[in-house]
Amino acid sequence: MADQHEEQLSPTVTKVLDEFLAVLNADNDIDEDTAERLDTLLRSGKAPKADDFEAVLFPATKVDEK
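Residues numbered from 1 in each chain as written. Predicted model: local features only at pLDDT ≥ 70, side-chain atom pairs only at ≥ 80, totals over all residues. Heavy atoms only, no water.

Trainee: I tried to follow the pattern of salt bridges on my own but got confused; where do I start?
Mentor: Side-chain pairing between opposite charges can occur once the charged atoms of the two side chains come close. In the structure shown here, the tally under the stated rule is 2 salt bridges. Between Arg43 and Asp39 there is a salt bridge whose closest N-O contact spans 2.7 Å. By relative accessible area, Arg43 is classed as partly exposed at 26%. Here Asp39 falls in the buried class, since its relative accessible area comes to 10%. Put simply, Asp18, Asp39 and Arg43 are held in one network by salt bridges that share partners. (Salt bridge = Lys/Arg side-chain N within 4 Å of Asp/Glu carboxyl O. Buried < 20%, exposed > 50% of the residue type's maximum accessible area, 1.4 Å probe, protein only.)

Trainee: Help me out: how do you make sense of helix 2 (residues 32-42) in this one?
Mentor: An α-helical segment advances 3.6 residues per turn. Residues three or four places apart therefore align on the same side. Burial in helix 2 covers these residues: Thr34, Ala35, Leu38, Asp39 and Leu41. On an axial view of helix 2, the arc spanned by its buried residues comes to 160 degrees, and they lie on one face. Looking at helix 2, the residues exposed on the side facing more than 90 degrees away from the buried face are Glu32, Asp33 and Thr40. Turning to helix 2, the residues buried within the fold contact helix 1 (11-26) and helix 3 (50-57). Two or three places before Asp33, at the opening of helix 2, Asp31 has a side-chain oxygen 3.2 Å from that residue's backbone nitrogen. (Helix = DSSP H or I, 4+ residues; strand = E, 2+ residues; numbered from the N terminus. Arc of directions from axis to C-beta. Contact = heavy atoms within 4.5 Å. Polar contact = N/O pair within 3.5 Å; in protein donor to acceptor, adjacent residues only side chain to side chain.)

So this is what it looks like as structure tokens:
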């Protein structure tokens with residue numbers, strides 16, 4: 001039921017994000033997990049904040065947490 005309240009992305013935005021994801025996946029310098037996390041963030045329907053991007057692009061590792 002919570003999904004009923006989320007706004008759908010427009011077909012144009014979806015097309016742009018699909019192409020963006022394809023370009024990210026084609027780039028050997030960007031790992032697939034990072035591309036997927038970024039795609040998920042951008043498709044969330046919310047305006048991401050800088051902290052959101054930082055968490056997606058530079059996730060904490062177990063070494064960082066010590």
